[in-house]
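Architecture at a glance
In case you want the letters, here they are:
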Amino acid sequence: MEFSLSAEQKALQQQARSFAQKELAEVGREIEATNEPLSKEWKRRLGEMGFLGINVDQAYGGLGLGSLEALLVLEEFAKVHPAVAFPIFESCVGPVKAIERFGSDSLKRRILPSVCRGEAVVAVAMSEPNAGSALTDLTTSATIEGSSIVLAGTKRWSSGGGHADGYLVYCRLSEAPGAKGIGAVYVEKDLPGLSFGAREMLMGFRGVHSADIFLDGVEVPADNLVVPAGGFGKLMEAFDLERCGNATMCLGIASAALEDTLAYTQERRQFGKPLVDFQAVQLKIAEMAMQVEAARLLVHRAVSRAEGGFPSVADSSIAKCFANEMVRQVTGHAVQLMGGYGYSKAYPAEQRFRDAWGWGIAGGSIDIQKVNIAAALVGRRFNQRAQ
Ligand SMILES: Cc1cc2nc3c(=O)[nH]c(=O)nc-3n(C[C@H](O)[C@H](O)[C@H](O)COP(=O)(O)OP(=O)(O)OC[C@H]3O[C@@H](n4cnc5c(N)ncnc54)[C@H](O)[C@@H]3O)c2cc1C
C-alpha cells in the first residue's frame, strides 16, 4: 500500500498551490463580493497551464494524467475559493469525463479541446423540480427524429445553469420506466428553444451560477447523444468520479479552514497567552486535523483503486459522505475558534462554512450516500419506493 505521492505528483501539487495562492486569492475575494464566476480570461489562463484537462486524454487537448493528479490540483484551488476551482471540477471530474468516456469521437473533438483550452464550460443537468434524490423520476424527454434529437423538459439546480456553454442533460430516451429509459444528451447553450430562469440565490456557492433550464423543443444533432436509453448505470459510473471531486472540494475548503485556524489561534492572545495554549482549543484543532486527514485518505483511496478510471460506488460514496460531514464540522469549528472574526465577512471562515453546507446536498444528499453505502455492503439495492 502506497501512502506517499510521487515526485511528479508533489511537483504538480506544489505548482497548483503556488499558482492558486499567489494569483487567485484576490480573484476569489472579488468573486465572493460580486457573485460573478471566474472570468473568461482566467479560464483561458487555467487552460494554458493545463489545469482544465489534467486527466483528459492528450488526443483531446488534455494532459493525459490520472484522476489523482486532477484531485491534487482541485484541492489546492478549492482552498483558495470554490468558484476558482469550479472550472477544474467541471472539466476533470464532472460531465466532461462522462462525455470523454461515452461520447462519439466527433462529439469529443467538438467539445473537449475547447474545454481544455478554457474556452468552454460544460455543466451537468440531472435534477428536476420533481426529481432530486429520486433522480430516476426525471421526465425531461429526448426524442430521436432522423438525424436530430428533440428535447423537452425543465432542469433545476444545475451548477453553471445560465452561464455554462453546454449541458450534459440527463433525459428520458425511451418509454421504458425508471432508470431503464434514461440516457444523456449534450445540449449547447444558444440553441432555439433553450432558455433559463432567474438566477438562484444560494446560501453559498457564490460565483457559481444556478438557474432553471427550460428545454422547449430544443433540437440537437444525433451525434450529441452521449449515453442512449439503458445507460443510466454508465452515467452513474462516471458520477462516481464526480463524487470524489465533490469530496475534494470539501477537502480544500476544510484544509484551508484548518490552516487559518492554526495561524489565528497561535496569534490571538486571551488571558495573557495564545489561544492555542488552552487545551480545549488544542483538542478542537486535533479533531479538525484528524478529520481532514481521514477524508483525504478516503478520497485518494477511492481514485487510486478505481478500475478503468472510475472509482466504485462504495468507495466514492464513503469518501463523499465522510468529506461532506467533515467539512461542515471543520468549518464550524473554524468559525467558533476565530470568535467574532470567524463570524465576520472580513475573514473567509464564514464563507467556508456556508459553502461547506452545499456539498452535502449537491451530487446526492448525505443520507442518500449512506443508503448507497449500506446497499454496497449488503450487495443489493434497497427499494426506496416500497410502502
Ligand atoms: C449547491 C448545489 C449544487 C447542485 N448542483 C447540481 C448540478 O450541477 N446539477 C444537478 O443536476 N443538480 C445539482 N444540484 C441538485 C442536487 O443534486 C439535489 O439538490 C439533491 O440530489 C437533492 O435533491 P432535492 O434537492 O430535490 O432534495 P430531496 O430529494 O427532496 O431531498 C430532501 C431531503 O430528503 C432526504 N431524502 C430524500 N429521499 C430520501 C430517502 N429515500 N431516504 C432518506 N432520506 C431521503 C434527502 O436526504 C434530503 O435531506 C445541486 C444542489 C445544490 C444544493
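It should be noted that the structure appears before, not after, this text.
If you're wondering where the values come from, they're calculated on a predicted model, not measured in any experiment. (Residues numbered from 1 in each chain as written. Predicted model: local features only at pLDDT ≥ 70, side-chain atom pairs only at ≥ 80, totals over all residues. Heavy atoms only, no water.)

Considerations on the site of the ligand
- Inspection of the region around the ligand gives 17 residues, with Met126, Ser127, Ser133, Ser365 and Gln384 positioned closest.
- A distance of 2.9 Å is found between a nitrogen atom of the ligand and a backbone nitrogen or oxygen belonging to Val124.
- Contacts to the ligand include Ser159, whose backbone N or O atom sits 2.8 Å from an oxygen atom.
- Compared with its free state, where it exposes 970 Å², the ligand has 66% of that area covered by protein.
- Of all the secondary-structure elements, those providing two or more residues to the shell around the ligand are β1 (122-125) and α12 (366-378).
- Its residues assigned to classes, the shell around the ligand comprises eight nonpolar, eight polar and one charged. (Near = heavy atom within 4 Å. Polar contact = N/O pair within 3.5 Å; in protein donor to acceptor, adjacent residues only side chain to side chain. Areas by Shrake-Rupley, 256 points an atom, 1.4 Å probe, with all protein chains shown as cover. Helix = DSSP H or I, 4+ residues; strand = E, 2+ residues; numbered from the N terminus. Nonpolar A, V, L, I, M, F, W, Y, C, P; charged D, E, K, R; others polar.)

Looking at a nonpolar patch on the surface
- Among the surface-exposed residues, Met1, Phe3 and Leu297 lie close enough to one another that they form a single nonpolar patch of about 450 Å² accessible area.
- The residue Leu297 is located in helix α8 (residues 279-304) in this model.
- Classification of Leu297 as partly exposed rests on a relative accessible area of 48%. (Patch = residues over 30% accessible without salt bridge, like charges linked within 9 Å, V, L, I, M, F, W, Y side chains within 5 Å. Salt bridge = Lys/Arg side-chain N within 4 Å of Asp/Glu carboxyl O. Buried < 20%, exposed > 50% of the residue type's maximum accessible area, 1.4 Å probe, protein only.)

Points about empty space enclosed by the protein
- Enumeration over the complete set of coordinates arrives at three cavities of 30 Å³ or more.
- Volume-wise, the largest cavity comes out at about 120 Å³.
- Around the largest cavity, the lining comprises 14 residues; the ones closest to its centre are Pro37, Phe86, Val121, His163 and Gly207.
- At four residues, helix α4 (residues 82-92) tops the list of elements feeding residues into the lining of the largest cavity.
- For the lining of the largest cavity, the class distribution of residues is seven nonpolar, five polar and two charged.
- Surrounding the second largest cavity, Lys43, Leu52, Pro87, Glu90, Ser91, Val96, Val115, Gly118, Ala120, Val121 and Val122 form its lining.
- Tallied by class, the residues present in the lining of the second largest cavity amount to seven nonpolar, two polar and two charged. (1 Å grid on protein atoms, 1.4 Å probe; cavity = no way out; pocket = protein on both sides within 12 Å on 5 of 7 lines; lining within 4 Å. Points joined across faces, edges and corners; volume = space filled by probe spheres on them.)

Here we look at helix α11 (residues 349-359)
- The buried fraction of α11 is high, at eight of eleven residues.
- The set of residues buried in α11 consists of Ala349, Glu350, Gln351, Arg352, Arg354, Asp355, Ala356 and Trp359.
- Buried residues along α11 sit in contact with α1 (7-34), α3 (67-80), α4, α7 (232-267), α9 (313-337) and α10 (339-343). (Contact = heavy atoms within 4.5 Å.)

Focus on the pairing of β1
- Side chains of β1 alternate between two faces, with Val122 and Val124 and Ala123 and Ala125 buried alike.
- Looking at chain direction, β1 and strand β4 (residues 166-172) are connected through four bridges and run parallel. Its bridge partner lying in β4, Ala123 is registered against Tyr167. (Pairing = 2+ DSSP bridges.)

Here's the deal with the nonpolar core
- By size, the foremost hydrophobic cluster in this structure holds 90 residues, and its most contacted members are Leu24, Phe51, Phe77, Ile88 and Tyr170.
- The leading source of residues in this core is α7, at 14 residues.
- One finds Ala123, Ala142, Leu151 and Tyr167 within the second-largest nonpolar core, a separate group that totals 18 residues. (Core = buried A, V, L, I, M, F, W, Y, C linked by side-chain atoms within 4.5 Å.)

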